[in-house]
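Below, each chain spelled out in residue letters.
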Amino acid sequence: MQDLVLNNRYRIEKLIGQGGMADVYLGRDTLLDRLVAIKVLHPDLANDQTFIENFRREARAAAKLVHPNIVGIYDVGEDQGFHYIVLEYVPGHTLKDELEAGDLTPKQALSIALDVAEGLQEAHRHGFIHCDIKPQNILLLPSGIAKITDFGIARLTTSTSTLVFGNQDIMGTAHYLSPEQAQGRALDGRSDLYSLGIMLYEMLTGSRPYEGDNPVTVALKRVQDHPFPLSILVSHLPS
C-alpha cells in the first residue's frame, strides 16, 4: 500500500493502525499538501455492497460534525478496488495506549472525560449516537486534548456485529457496552454516556468494572452485577 495514490490525490505513506474493519494509514492530501489519516476497508467488507452503501452514507453524514473534540471526516471514496475514508490526522496516541502505559491522575482522567463529553454533546445535538465509545476510539493530542474518532463508522460496524466468543474486536467492545446494547434494546445518547462512565472508571482505577472470559459473560455481569465502588479500589481519590 505504501506510495499508493487514491483518486490521484491521497498518497499513502505508512501503516499506523489496524482494526477489525479497516487499516489506517498516514497519508498526504497532495492537493492541499497536508497530512491526513486514510482508513481503508478490509477486502471482505469491500465486497459487501449493502455495507458499502451504508458506509458511504454514514461517513457523509458524520462529516457534518465539526467540533474540536471530534476527529473530522474530510472525504470518502473508492479507487482501484479500495474503499476508503479520509480523516483529520491527529498526532498522538489512543487512550488505550495511555492506559496501558500507566495510571492517569484524577485530574487527567477528568479532563479527558470532559473532552469526550463535549464531543458527545455536539454529536447528540445533531442526532448522532456513536455506539462504540471505548479507549481505542479516543485519540489524545500531545497537548492532552481528547478527540473521538469513528463517528458513524463505529455505529455502522456495531450495528452489524454480534457478540461472538473469540472475536477480540467484539470482546474489546463488550467491556464498554451499555446494558441496553447488551440486551439488544433501542439506543439513545445515554448509551454513549454509560460507555464514557465505564472509561472514566477505568481511567481512575486502572481496571474495568466488569470482566469475563468472553463477551457474553461480560454482558451478563453488566446487567446483573454492581461494580466495586471507586472508594474501595482507590482510597486516595478526592471527594
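First, a word on what this report is: a plain description of the structure on this page.

Here is what the cut-offs are and how they apply
Residues numbered from 1 in each chain as written. Predicted model: local features only at pLDDT ≥ 70, side-chain atom pairs only at ≥ 80, totals over all residues. Heavy atoms only, no water. Helix = DSSP H or I, 4+ residues; strand = E, 2+ residues; numbered from the N terminus. Rg over C-alpha atoms; globule rule 2.2 N^0.38 Å. Buried < 20%, exposed > 50% of the residue type's maximum accessible area, 1.4 Å probe, protein only. Contact = heavy atoms within 4.5 Å. 1 Å grid on protein atoms, 1.4 Å probe; cavity = no way out; pocket = protein on both sides within 12 Å on 5 of 7 lines; lining within 4 Å. Points joined across faces, edges and corners; volume = space filled by probe spheres on them. Pairing = 2+ DSSP bridges. Axes fitted to C-alpha atoms, helices over the stretch in contact; angles between N-to-C directions. Salt bridge = Lys/Arg side-chain N within 4 Å of Asp/Glu carboxyl O. Polar contact = N/O pair within 3.5 Å; in protein donor to acceptor, adjacent residues only side chain to side chain.

## Brief notes about the overall build of the protein chain
Then step 1. Helix and strand counts for the protein chain come out as 10 helices and 9 strands.
Then step 2. Taking 18 Å as the expected radius of gyration for a compact globule of 239 residues, we find that the protein chain reaches 18 Å, a close match to that expectation.
Then step 3. Structurally, the protein chain occupies a C-alpha span of about 55 × 35 × 35 Å along its principal axes.
Then step 4. Of all 239 residues assigned to the protein chain, the portion counted as buried reaches 46%.
Then step 5. Considering only contacts in the protein chain between residues 6 or more positions apart, those separated by 24 or more positions represent 57%.

## So, the layout of surface pockets
Then step 1. Here the second largest pocket is characterised by a volume of approximately 150 Å³.
Then step 2. Among the elements that line the lining of the second largest pocket, the one with the most residues is helix α4 (residues 106-125), at 3 residues.

## What about the sheet that holds strand β3 (residues 22-29)?
Then step 1. Sheet architecture is open: 6 strands sit in the order β1-β2-β3-β4-β6-β5, paired in antiparallel fashion. Each edge of the sheet is formed by a strand with only one pairing partner; in this case those strands are β1 (5-6) and β5 (73-79).
Then step 2. In the sheet, strand β2 (residues 10-18) pairs with β3 via 7 bridges, with the strands oriented antiparallel. Counted as the bridge partner of Gln18 is Asp23 from β3.
Then step 3. Seen against the sheet, helix α2 (residues 49-62) touches β4 (34-41), β5 and β6 (82-88) and runs at an angle of roughly 155 degrees to β5.

## Things to note about the pattern of salt bridges
Then step 1. Per the counting criterion, the structure on display carries 10 salt bridges.
Then step 2. Notably, a salt bridge pairs Arg11 with Glu13, separated by 3.5 Å at the nearest N-O pair.
Then step 3. The structure contains a network of salt bridges with shared partners spanning Arg11, Glu13, Arg28 and Asp33.

## Thoughts on the side chain of His130
Then step 1. Checked against the element boundaries, His130 lands in the loop between α4 and β8 (138-140).
Then step 2. The class for His130 is buried, based on a relative accessible area of 0%.
Then step 3. A polar contact of 3.5 Å, which involves the side chain of His130, links it to the backbone oxygen of Asp150.

So, to be careful, I would describe these as geometric facts and stop short of saying anything about function.
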